[in-house]
Number of protein chains: 4
Amino acid sequence: MTDPRVLTVRPEPGTYAWTFGGAPPIARIAPGTVPDLFTEDCFAGRVRSEKDLVSQVCEFPYLNPQTGSFHIEGAQPGDTVAVHFASVEPARDRAASTTVPLFGALTSTHTTASLQPPLPETVWIWELDRDRRTARFAARYSEFTAELPMDPLHGTVGVAPAGLEVRSALVPDAHGGNMDTPEMRAGVTCYLGVNVEGALLSLGDGHARQGEGETCGVAVECAMRTVVVVELLKGVATPWPRIESDTHVISTGSARPLEDAFRISQLDLVRWLVRDYGFGELDAYQFATKTGESPLANVCDTNCTCAAKLRKEWLPARETHRGVHARLREIAATLPRPGR
Amino acid sequence: MTDPRVLTVRPEPGTYAWTFGGAPPIARIAPGTVPDLFTEDCFAGRVRSEKDLVSQVCEFPYLNPQTGSFHIEGAQPGDTVAVHFASVEPARDRAASTTVPLFGALTSTHTTASLQPPLPETVWIWELDRDRRTARFAARYSEFTAELPMDPLHGTVGVAPAGLEVRSALVPDAHGGNMDTPEMRAGVTCYLGVNVEGALLSLGDGHARQGEGETCGVAVECAMRTVVVVELLKGVATPWPRIESDTHVISTGSARPLEDAFRISQLDLVRWLVRDYGFGELDAYQFATKTGESPLANVCDTNCTCAAKLRKEWLPARETHRGVHARLREIAATLPRPGR
Amino acid sequence: MTDPRVLTVRPEPGTYAWTFGGAPPIARIAPGTVPDLFTEDCFAGRVRSEKDLVSQVCEFPYLNPQTGSFHIEGAQPGDTVAVHFASVEPARDRAASTTVPLFGALTSTHTTASLQPPLPETVWIWELDRDRRTARFAARYSEFTAELPMDPLHGTVGVAPAGLEVRSALVPDAHGGNMDTPEMRAGVTCYLGVNVEGALLSLGDGHARQGEGETCGVAVECAMRTVVVVELLKGVATPWPRIESDTHVISTGSARPLEDAFRISQLDLVRWLVRDYGFGELDAYQFATKTGESPLANVCDTNCTCAAKLRKEWLPARETHRGVHARLREIAATLPRPGR
Amino acid sequence: MTDPRVLTVRPEPGTYAWTFGGAPPIARIAPGTVPDLFTEDCFAGRVRSEKDLVSQVCEFPYLNPQTGSFHIEGAQPGDTVAVHFASVEPARDRAASTTVPLFGALTSTHTTASLQPPLPETVWIWELDRDRRTARFAARYSEFTAELPMDPLHGTVGVAPAGLEVRSALVPDAHGGNMDTPEMRAGVTCYLGVNVEGALLSLGDGHARQGEGETCGVAVECAMRTVVVVELLKGVATPWPRIESDTHVISTGSARPLEDAFRISQLDLVRWLVRDYGFGELDAYQFATKTGESPLANVCDTNCTCAAKLRKEWLPARETHRGVHARLREIAATLPRPGR
């Protein structure tokens, strides 16, 4: 017997989205729908061994395939889509990470341009043990290996951007997109402001784990099987993506220079405290300064992304975003645990 | 008798393009065509008096209307479109400049976010004397007036971007767009790399004059009557927009932080010297460092734009871009001088 | 009976240092010495009530007084000073935080210059409960209060800079200084590269707690009673300040734009893995990308500071910095717990 | 017969200053004094042939020697020193330029850190023809040579900084220093705000010519014989260095990111228009936006420097800086033309 709320999506090759905006809907869904999704990895599945160099096997702009888009019925500009991540599970036993020429934080790039040659291109294949929930790093230039905890997440989730734009799935901005924050793990609700009718939600870019800042530009990239619960908050505007977990409220900002990503995320957090928690603006600025965590998301993409994170337990006991996180959390608890 | 090369374009309301990419062609033109264009000002013509505040009369995203797009026959990714500006003439006797809330270099913005309130919104109306070729500034907060030389130019010219993207006409990037450089005046040829079949060229955002950096975010904005000659260089790639005048070669870069815009423009200039003028790479780096001018274009838009400019007389006497600038200059000389 | 290793320092007014470099030594100490210090708060103790606005009671450049400098016997350029924080305890029952005109991340500043007026100046006085180890926030513009955990730390610790320079105590850079990272708490060892004979160590700027990024520019500022153990690593160079805790290795970088602070800290971490843990360079880059935490320190000072943090348990079991952290940890355990 | 106003200074080796602040005065001079100076090149004269690589022949921090400091009698914090460049003439027939490892705009650096190896180190020796006033570039990797016009200037001029600091002569900031702007040529007056008693003026870093931005980090470096007229403006504050020529007023800003250097220079220009030319603040912002030139000075030093330049002929006919530029210009005209 199938759960009528659940929409199972296993995209055929050729049906992925490569952009936010401009990608035709693969389904129209009502608020409350529970998409059970397969997402391909950022390499479109083409990096399968240490021999598969990105510059040889991947074809720009066909990078970072997104599963979607989903037209959410009733979503209008000025509303907010709430995406609760019920589960995020690697869909294969292997993942890949690489260096990519002129991409990453410790190399010159196409914009931080220099006359220096790019770094060497190398692939690392990671064994995932889905029972023990570990990802195994094996050094390429020595014998070192390490078993690291899996911490699966989606690097990319977003909606169609504002201003008639279509953005590459590699870009993070106000519409979400390739934010690459490790906060986007199972158990959280992501809030995205709607810019076009139907919102046109997509997600992808699964990471078995990543560090904060995603320094070299690539995480432990893997295909995912992911279950989300999608809700709609009518009449609630969300200028920049927010994340809510059981324990934290998290604002994000994406821009260059990185200072601006920080500023955006901090200002959004201040406004969150003002709107939903009753703070005066200067009190909120002051309080966030003393209590906030500021984990970097990425410092490698076309925009950098910063998170501004604050413990709910230190805030007044009030409802935010109409309490939707708690409700979606409960719905997620009723879903069957995904098999493989 | 009409010149068969000339294509007269006077757009109807509702036929402007608001994006690069995604804007349907209003004409297919063969290389060699001479579009004689009307372009509306960046306010879509809505700021007509000191009472017309941008925040009240303009409607985002319907800002910076472009005349186009033009599908250039035969243009393929990897080619270059050459746009020679034969004449750029204000189409009205008045122009407008303004402050715009949270836009400009000497204010916080939506990305350089702060808790400070925006600056006051004010409009300055400029009288243009097209015979004397002057633009008259009248202070709003004192009696000062000044007659400044007109130096008409297009703030925006570009083609559809790469990577399946559609960008707002307010954005400058590798596809050109809203570069806002005073170098884009009559007499120069702009080279734009083709990213999609037909290139999809548009232009707009006429300025009767502007300073370098466009500090407050707004120039002396006016509708233009502009004649360009459009040519196609098959098999010549142009990663970032270039400009050639009778006296200078000019590379551009658009990015944030501004350092990166500078780096892109300088690296492009180095590569231009290497490819077309026979320099070794380090020699070119060295030579450009000692001879280059670096006028800022804009430090206010979503990306900042920098120009890297070098006198041709100091370079070896070689042909660049297949000598197209000289040929288009000659064609321009044969065109009837535009009336009004 | 006094511990002969301990040097008790309670500075008289007029004996604080306001710079790194250029501040005469208040004591010469042998490696192994245990300074038991009083440090004044960043306001030089002048903000005592909500009426004490920084712009009125403080006098530039007499901000951020440092206790020191200490001439460490035998320290030469190319060596490293190890400063182990045995205890960091607020010296008073009250602390202060403020807004400061044109200082902080969510305002224009003297360098991120704008025409906007500064934010209003306000003081928040925090009650510290040293038994319950809490700091009490009381909103100024509403009734909200919160008891937050104390997490005492030093915002500023450093040595004389290289290159004959003298830097304000407000500046963080390669010599340490005003890094404002919450990682600088009791239990950690800070490594600072020596630039001048005797190193000339100072510290100050106690915070009862702070958020990551120190958004408004000011933490919960308080005088401290702090006990450190000072050691010297001859022949070990430390280009940028490092921190070692029982659980983590932490590199730092201080620069603008913030991207550069990130790059410095990440490159230093990569080099740490290569030098002390046997990684190949690209393996280290890759491994750090997948495992690192990147908590921001400050995004408000003259340079921004970023930390790059990695769990020791994931690294090969090797000794770093000659095992000095473990030895200093043991010495700290033998010290009498500070009274008040 | 000697001119009693003229103070001839030919420094002995060992008497140069390497910092602003902290350098003892080599002379006390009264306002109105005319120092006739020899300045050594930025390499301290050690790069004499193509074999003299900076990394081998120069010794950090003994780079960029300054002739000074000069204690200006009567100068107090809050005053302004006016330095009029009467003549700037190369003191030798040769000049040098180089690449320097991890220094410059088109390479990673110690702060824009990457894992890439530095660019190759190369020296270019320039023949200066002082009669024809040309500097001859000879490519190292091909046969190309070019005769370029000499345009001699000082890359570095400054006073002791504020805030008790001592800064390396390689740093540009509010005290002036290594601004590396081609605007600092004969005929201009540079205004520097006084921070310490006596101001402690120094200058050096002669360039036979340079491009805007000084991309590779090095200009056509040469020793200079320079005559300046030094004046003192009591009670005039100058927060950031300004330059006045016969034709232009020029504000400068030095910071990173480059946006901030731009912002500082533009805000200073706005304030100049408000204080001395009677503009309202928003009128000044608007007018400068439409009329300003924004030539980059350097995008390679520890801070980047931007100039904001406006034609005097477009301004109201008023006196600025008490008319000192015109007076110093006249004095300069009475000086004997320097021999060699």
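Everything below is about the structure printed above this text.
Computed from a prediction, not measured in an experiment: that's the story for all the values here.

### A word on the relation of the copies chain C and chain A
Then, number 1: At an RMSD of 0.0 Å, chain C and chain A line up after a rotation of 180 degrees and a shift of 0.0 Å along the axis. Here the symmetry operator amounts to a two-fold rotation axis. Minimal C-alpha distance to the rotation axis in chain C is attained by C:Pro295, lying at 2.5 Å.
Then, number 2: The overlap is high: 100% of the interface residues of chain C also sit at the interface in chain A, so the same surface is used on both sides.

### Digging into the packing of aromatic side chains
Then, number 1: All chains considered together, the criterion is met by 28 aromatic pairs over all chains.
Then, number 2: Between the aromatic rings of A:Phe287 and C:Phe137, the centroid separation amounts to 5.1 Å while the plane-to-plane angle is 50 degrees, which identifies the pairing as tilted. Of this pair, A:Phe287 sits in helix 3 (residues 281-291) while C:Phe137 sits in strand 9 (residues 134-138), placing the two residues on different chains.
Then, number 3: Over the aromatic face of B:Trp314 sits the side chain of B:Arg311, whose NZ or CZ is 5.6 Å from the ring centroid.

### Focus on the pattern of salt bridges
One side chain can pair with another of opposite charge once the charged atoms of both are near each other.
Then, number 1: Enumeration over the complete set of coordinates arrives at 100 salt bridges over all chains.
Then, number 2: Among the ionic pairs, B:Glu147 bridges to B:Arg136, the shortest N-O distance being 3.8 Å. Taken as a pair, B:Glu147 in strand 10 (residues 145-149) and B:Arg136 in strand 9 (residues 134-138) lie far apart in primary sequence, 11 residues in all.
Then, number 3: Classification of B:Glu147 as partly exposed rests on a relative accessible area of 37%.
Then, number 4: D:Arg311 is paired through a salt bridge with D:Glu313; the nearest N and O atoms lie 3.5 Å apart.
Then, number 5: D:Arg311 sits in the partly exposed class, given a relative accessible area of 30%.
Then, number 6: Since its relative accessible area comes to 61%, D:Glu313 is described here as exposed.
Then, number 7: Members of the salt-bridge network, linked through shared partners, are A:Asp129, A:Arg132, A:Arg136 and A:Glu147.

### Some thoughts on the sheet that holds strand 21 (residues 304-311) of chain B
Paired through their backbone hydrogen bonds, the strands of a sheet run either parallel or antiparallel.
All names here are of chain B.
Then, number 1: Pairing in this open sheet of nine strands is mixed, and the strands run 1-4-17-6-15-18-19-21-20 from one edge to the other. The open sheet has two edge strands with one neighbour each: strand 1 (6-9) and strand 20 (296-298). Each strand axis lies, on average, 25 degrees off the axis of its neighbour in the sheet, ignoring direction.
Then, number 2: Here strand 18 (residues 242-244) pairs with strand 19 (residues 248-255) via three bridges, running antiparallel. In the strand pairing of strand 19, Glu-244 is matched with Val-249.
Then, number 3: Along the sheet, helix 4 (residues 324-334) contacts strand 6 (80-90), strand 15 (189-193), strand 17 (224-233) and strand 18; its crossing angle with strand 6, the most-contacted strand, is approximately 35 degrees.

### Topic: the interface of chain C and chain A
Then, number 1: Facing the 62 residues of chain C at the interface are 62 residues of chain A.
Then, number 2: Carbon and sulfur atoms supply 67% of the area buried between chain C and chain A, which totals about 5000 Å² over both sides.
Then, number 3: Broken down residue by residue, the surface that chain C buries against chain A is led by C:Leu282, C:Tyr285 and C:Lys290, which jointly contribute 15%.
Then, number 4: The tally of links from chain C across to chain A stands at two salt bridges.
Then, number 5: For C:Glu259, the salt bridge is made with A:Arg256, and the minimal N-O distance between the two is 3.7 Å.
Then, number 6: The tally of links from chain C across to chain A stands at 28 residue pairs in polar contact (both at pLDDT 80 or more).
Then, number 7: Contributions of two or more residues to the side of chain C that touches chain A are made by strand 7 (94-98), strand 8 (123-129), strand 10 (145-149), helix 2 (258-277), helix 3 (281-291) and strand 21 (304-311) of chain C.
Then, number 8: Counting residues per element, the side of chain C that touches chain A draws most heavily on helix 3 of chain C, which supplies eight residues.
Then, number 9: A breakdown of the residues in the side of chain C that touches chain A according to their chemical character gives 33 nonpolar, 19 polar and 10 charged.

### Some remarks on the state of the cysteines
Then, number 1: Per the stated rule, a full pass over the model turns up zero disulfides over all chains.
Then, number 2: Its sulfur unpaired, C:Cys300 is 7.6 Å from the next cysteine sulfur, which belongs to C:Cys304.

### Thoughts on the sheet that holds strand 1 (residues 6-9) of chain C
Residues and elements named next belong to chain C.
Then, number 1: Overall, mixed pairing links the nine strands, which are arranged 1-4-17-6-15-18-19-21-20 in an open sheet. The open sheet terminates on both sides in strands that have one partner only, identified here as strand 1 and strand 20 (296-298). Each adjacent strand pair in this sheet contributes to an overall mean axis angle of 25 degrees, direction not counted.

### Quick notes on the interface of chain C and chain B
Then, number 1: Listed as interface residues are 14 residues of chain C and, on the opposing side, 14 residues of chain B.
Then, number 2: Taken together, both faces of the contact between chain C and chain B bury some 980 Å²; the carbon and sulfur share is 61%.
Then, number 3: For chain C, the biggest contributors to the area lost against chain B are C:Leu106, C:Leu115 and C:Gln116; these three give 51% of the whole.
Then, number 4: Taken together, the connections running from chain C to chain B amount to zero salt bridges.
Then, number 5: For the side of chain C that touches chain B, the class distribution of residues is eight nonpolar, five polar and one charged.

Reading guide: rules and limits
Residues numbered from 1 in each chain as written. Chains lettered and ligands numbered in written order. Predicted model: local features only at pLDDT ≥ 70, side-chain atom pairs only at ≥ 80, totals over all residues. Heavy atoms only, no water. Least-squares fit on C-alpha atoms with pLDDT ≥ 70 in both. Contact = heavy atoms within 4.5 Å. Phe/Tyr/Trp six-rings, centres within 6.5 Å; stacked < 30°, edge-to-face > 60°. Helix = DSSP H or I, 4+ residues; strand = E, 2+ residues; numbered from the N terminus. Lys NZ or Arg CZ within 6 Å of the ring centre and 35° of its normal. Salt bridge = Lys/Arg side-chain N within 4 Å of Asp/Glu carboxyl O. Buried < 20%, exposed > 50% of the residue type's maximum accessible area, 1.4 Å probe, protein only. Pairing = 2+ DSSP bridges. Axes fitted to C-alpha atoms, helices over the stretch in contact; angles between N-to-C directions. Buried area = accessible area lost by both parts, 1.4 Å probe. Polar contact = N/O pair within 3.5 Å; in protein donor to acceptor, adjacent residues only side chain to side chain. Nonpolar A, V, L, I, M, F, W, Y, C, P; charged D, E, K, R; others polar. Disulfide = S-S within 2.5 Å.

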